[in-house]
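Understanding the architecture of this molecule
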Amino acid sequence: MLLAYPFRLLVPRRAAPEAAVSTAVALLVLAGVAGMVPTPMVIALAGGAGATLAGVRLSRLAAGRPAPPSSDSPGRVGLVLLDAAVVAAGWVAAALPLVDTEQRAVALLGWLTVAALSVAGLRGLPARTPSPTRLREVVEATGPTVGLTLAGWLLLPVDALPAPARLVAALVLAGLGIAALSAFTGAGRRSGHAICRGGLLLTLVGLALLTILPPASSGRAPLLAVPPLVLGMLLTALGATSALASASSTPPSGSPVTTWPRAVLPASVLLLAAGLHLGSGRTPDRTSLLLALAAVPPLVLRELLRGGDGGVPERPAAHRRDADHTVRRREPQPPWQAPTADSWTPAADVDATWPDTGVSWSRHGFGPAGEGSGDRAALLAALASIGDVPAPAGALLLVELHGIEGLGPVAREDALAEAALRARAVVAPGDLVTACAGHGFAVVTGAGPVLAYALGTRLLSTLTSPYRLAGSVLRVQASIGLAEVSGAGPADVLRQAELARRRAVQLGRDRVEWYDAFLEEQLVRRLDLERELPGAVARGELDLVYQPVLDLTDRQPVGAEALLRWRSPVLGTVLPAELLPVAEDLDLVGELEWWVLDRACRQLAAWSAGPRELWMAVNVTTRELTTPDFVQRAAAVLAAYGVPPERLVVEVAEPRVAADLSTVVARLAGLRSLGVRTALDDFRPEHASLAHLRRLPIDLLKVGPDLVGAEPTGQPPLIDVVVNVGERLGVEIVAEGLESPTQVEGAHRAGCRYGQGFALSRPATAERVEAYFEEFPSAYR
């Protein structure tokens, strides 16, 4: 009595029997798993309960009590057959405990009986309009079916069945599972026919498991058959009720296809099966490998079918542009009637800018490959038409041409016109080619992602071939951003393609970049950096931290390296690895580096007031070092703070000095003439690096920890070679990036004079570093 009231609140009265049976079956299965109830008894009780309730529901429908007056006798015949199928399934489950031997034969006989009654019963239900099965639907179901077959092959007991029977059993289970999944996720999944069909398929899955798995008396494995068996019987009765009730009413509009379960669930089952298989110590056999390979052709065929759909689906009000650049909208046409010139009505010219990305869509468009125009509205309509189909497949490619911005207006238009002709020759007849303002255009294709990427590579190849304009040859570059149309809104697809195009530009152009969520995070972060960095010096957002450099002989501090930090109130702390590339693109490196040199010398002057003589290392780029007045400006900063030149160390990264080696040599020599010490950072012991080392006037050579460890071949570490070369040239070695005591000891043993890294001291503020120095009162340099 205490449980009756909340039970009535949570469960509708009509569904109370199903809820009660489901709860009882769940408790029975749990008791069977715990060993409290024998497995055969669980199967018998659960199957009997489900068959009893479903049979009563179907018997009442067949007797005509809840059926509509217009129901005909064929509908009742179908109900009788479905009732017989459910009762037969329950009989099989209840009879298994009574059969000591030949349980598998009984279950197989029951499976065949239920299958025959199910097919006949479904055909006997009230008529409905059948939905034709397309080749694409069959192909798209083949891949998941093969995956579930592989999962069944891996999960089914090896000793229970011979290999051929085990393969057939896995294939039958996979086919039934995919068919049931399609019934519950297809366009008509809410119809009574689909629910009834899915329920019968689940019932057959349960009976198939009883047939395939070891006898119920030998273990708990057959309990896996109980949930699909009972749930299938209950859904069969529910679907039949719904199908009979809607027989005389207008059929509801089809629901959109839910595609993700058909992709996610089989993949999840396969991953689970593979994990259990490998976890048990078993290795994949030949059949497993063949099944895995068999899943590839359906995927390729699916992409080919997507690519062969004729490009962009028909749009309800597509656009095109005539020779006079007037946008004309095509009115809807009756079936099989070709559009004529009279069916196009003028519309206003359109110039629009997408505020989120800066993409502008020009009213002077390239025109269609099939149909379309050079305005943003046509592009949005094309994307929307793809996204509205039940299983959207298509892509948007944004193309930007580089190298025509310096041409005159006439030559630039000629180049764009030639590019448009080349693009039309590459795309499919139904693809939309539309111009955007600036130096590029967009392509909307109905092809799948793989074929769309292949289209992008073909566009890249044809668009970057030389252009012959007015007797001269023009060479251009292209950057293409690709975004899939997979249910996202048209504006989102535009944004994604534009972000991918920007990424292609950043990575060096002449490439196709595919949008993904991580790419968007990177690009948004980059845009935030580009927006916030200008003015950071004036706003006082830059900061320096200092990492001590120690003598590896006595572990006494000898100096520190100034490291830049950007304390942005919007972006947080930004490190140089992320900051400097943006600063280079914005031409702000000089401003940042002179601020670092000024603040580092001011801090060095403060430390010089004490008893300790420490040096300060400052990093500069080769771009700033090679400016004509660098040496003079550095001397002015030292003089302004009264810092002895020998206390300053100017570091330049080795990988970048080769671009202007002679100028770098001259500037370093000029610094040394002032008394400033110089260092070569990020040194690599390659042939070119050793050649640079002989030419560069440096005092310190900084190497990474990767040179300290022993070589895999058993040869001595490369640091030994570097130290020997440094000794001959009079250059002291600094081992940086030391993060473990082993690396510190290896660097010291190899002959490195100085060390720097987390294992010795972490970067810290000036106050903390000064307190650290105070721990070494005897350190004088």
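Residues numbered from 1 in each chain as written. Predicted model: local features only at pLDDT ≥ 70, side-chain atom pairs only at ≥ 80, totals over all residues. Heavy atoms only, no water.

The way to describe two aromatic rings as a pair is by their centre distance and the angle between their planes. Throughout the structure, instances matching the rule amount to seven aromatic pairs. Pairing Y546 with W607 gives two aromatic rings, centres 5.4 Å apart and planes at 65°, and the pair type is edge-to-face. Linking Y546 in strand β13 (residues 542–551) with W607 in helix α19 (residues 589–608), this pair joins segments that are 61 residues apart in sequence. W607 matches Y546 in its accessibility class, with the two residues each being buried. For the ring pair W615 and Y754, a centre distance of 5.2 Å and an interplane angle of 85° mean the geometry is edge-to-face. Here W615, found in strand β16 (residues 615–620), pairs with Y754, found in strand β21 (residues 754–755); they are 139 residues apart in sequence, far enough to count as distant. Among the residues examined, W615 registers a relative accessible area of 6% and is labelled buried. By the ring-pair criterion, three or more aromatic residues cluster together here, those being Y546, W607, Y772, F773 and F776. (Phe/Tyr/Trp six-rings, centres within 6.5 Å; stacked < 30°, edge-to-face > 60°. Helix = DSSP H or I, 4+ residues; strand = E, 2+ residues; numbered from the N terminus. Buried < 20%, exposed > 50% of the residue type's maximum accessible area, 1.4 Å probe, protein only.)

This model, assessed by the stated rule, comprises 22 salt bridges. The shortest N-O distance in the salt bridge between E400 and R501 comes to 1.9 Å. A residue pair is termed long-range when its members are at least 10 positions apart, and E400 in strand β6 (residues 395–402) and R501 in helix α16 (residues 490–506) qualify at 101 residues. A relative accessible area of 13% means that R501 is categorised as buried. Of the charged contacts in the structure, one is a salt bridge between R672 and D699, with a shortest N-O distance of 3.0 Å. Taken together, the residues span a long stretch of sequence, with R672 in helix α22 (residues 661–674) and D699 in the loop between α23 (687–695) and β19 (700–703) at a distance of 27 residues. Judged by its relative accessible area of 36%, R672 falls in the partly exposed class. Here the salt bridges share partners, and the residues they tie into one network are E400, E498, R501 and R502. (Salt bridge = Lys/Arg side-chain N within 4 Å of Asp/Glu carboxyl O.)

We now examine the environment of A237. Checked against the element boundaries, A237 lands in helix α9 (residues 226–245). For A237, a relative accessible area of 3% gives the class buried. The sequence separation of A237 and V56 amounts to 181 residues, and the corresponding C-alpha distance is 9.0 Å. When residues no more than four places from it in sequence are discounted, the contact partners of A237 are A54, R57 and L58. (Contact = heavy atoms within 4.5 Å.)

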